[in-house]
Amino acid sequence: KQWYQRRVAITAGIQVKIVSADVALTTAAKEQIPTMPELVCAVSGLHTTAEDSTQYCGPTNSDIFTVDDATAVPEEFGTDDKYDIEARWSNICKYFQQRIKMPISLKPILEDLYIRACEHRHWYIIRHCAALLQKTHHSLCDDVTHLLVNQKQISFGRGDQEETITQPPSAAVMIDYFIRHSKANYLFFSLYQEVLMCLTQEAQKNISLFKGILRLRLDLVIGLLARNYHHGDSAVSDIEKLCHQSPIAICKSVYHILSGSLQLEDSEAVVWQERRFIDGCLNRLPPKFHVSLYALLSTSSGVSVRDHRFPSFPTVNEMTAGEPQFSLLVEDWLDGIPDPELRQLYVEVILLLAHIQPSLVDLSFNGKIIQLEEILRAADAIFIQENEVRDEVNLDVNGICQAFCNLPPSGRFGTLSYISKAIVSLAP
């Protein structure tokens, strides 16, 4: 009986402690409930609060704000509720267009506008304010590192201004990249981060979506996303339309681009041109492409597109077809072809050349530079001649007929069929 009473007392004491602990945890949880702006940040995973952004200070935004406080802030910028969010942002835009830099006294007003925009899900204003205030996400460096670990390089900018990240950077270095490459359009400061996070999420869920992709060129990916919202309205840029979309919508678009299921609004006649454009922007290469190019280099002095050459020496003597260094050289060479559609057409030419060369005795490239552009233009000319393409529909993509770019690769009337005819016609 005494043992029974003792067990009852011990059990009751434990229950009291558990209940007390639950009450304490519930109270602590209530105290830690995030405010609406923080909740939006957590759900979207794209924008930090002002407190979080101070963790990665990096370069300052002195190129946007001036320390001259003599300029009075107009009343319509204030935090008074009589001015709604869109009206306040419109007034700030008009004010910004008249000046090179904003007064530093406008910074807290932008912070307040950012918070209110988060509460009302005004994504367009959120992205603008986040870019002006140079807010960064706390997982940014981890996201970049995850992509690099999966052997996916990241590049910013285009042409001669393009820079590539090949090793995990610090937060300050990342912000420096954002600042340098968003000078033409400061919205890219926010878009770079969103696209990076979307790409990382897809890589964590299904890395096979990135098959054939070695380098992620963020500017081209953003251009692809903006192109999806192009409706022929020149008054509003595609980037502006993109910034009106929710983070979830942008992530879905990134998935559709990677998976090849992007819903296009154009007719079926341009599907293959769009596919080549998307694959070219993603730098996606077909399986065994590097092996085919290496075999072609082994039997020639190199390949060339205009004056952009890829010599066989010393590449073939120092590298193998499967090593990463060779893949990086191929990537750098292909990046020199500005048009994504043409890039993919040249990829088709290389694959076909490597495939048919062993079976053609007369096709020898010993000591010669293979002029890929000459072959592609000859294939385009054969297509125009055989199909009697009219001038009014012969819209070109850098000299190549648009109708030719729309052809599927295989089939009797595919691009590979016309490329093979061009190779035979140019053979000695």
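Residues numbered from 1 in each chain as written. Predicted model: local features only at pLDDT ≥ 70, side-chain atom pairs only at ≥ 80, totals over all residues. Heavy atoms only, no water.

**Quick notes on the pairing of strand β3 (residues 153-156)**
- Side chains of β3 alternate between two faces, with Q153 and S155 and I154 and F156 buried alike.
- When β3 meets strand β5 (residues 215-217), the two strands line up parallel, connected through three bridges. Bridge pairing in β5 places S155 opposite R217.
- Note that β3 and strand β4 (residues 163-165) share three bridges and pair antiparallel. In the strand pairing of β4, F156 is matched with E163.
- Turn length for the β3-β4 hairpin, with the two strands adjacent in sequence and antiparallel, is six residues, and the turn residue G157 shows positive phi of about 85°. (Buried < 20%, exposed > 50% of the residue type's maximum accessible area, 1.4 Å probe, protein only. Helix = DSSP H or I, 4+ residues; strand = E, 2+ residues; numbered from the N terminus. Pairing = 2+ DSSP bridges.)

**A look at the environment of R158**
- Note on placement: R158 falls in the loop between β3 and β4.
- Taking the C-alpha atoms as reference points, R158 and L220, separated by 62 residues in sequence, lie 8.2 Å from one another.
- Beyond its immediate stretch of four places on either side in the chain, R158 contacts D219, L220 and G223. (Contact = heavy atoms within 4.5 Å.)

**Considerations on the pattern of salt bridges**
- For the coordinates displayed, the defined rule picks out 19 salt bridges.
- Among the salt bridges present, the one from R180 reaches D176, with a minimum N-O distance of 2.2 Å. Highlighted residues: R180 and D176, both in helix α8 (residues 171-181), separated by four residues, approximately one helical turn.
- Given the relative accessible area of 33%, R180 is considered partly exposed.
- Its relative accessible area of 29% is what places D176 among the partly exposed residues.
- The salt bridge partner of E373 is R377, with a shortest N-O separation of 3.1 Å. Residue E373 and its partner R377 are located together in helix α18 (residues 372-387), separated by four residues, close to a single helical turn.
- A residue is classified by how much of its surface remains accessible, and R377, at 34% relative accessible area, is partly exposed.
- When salt bridges that share partners are traced, they join E162, R215, R217, E331, D332, D335 and R343 into one network. (Salt bridge = Lys/Arg side-chain N within 4 Å of Asp/Glu carboxyl O.)

Take it as geometry only, folks, not as evidence of what the structure does.
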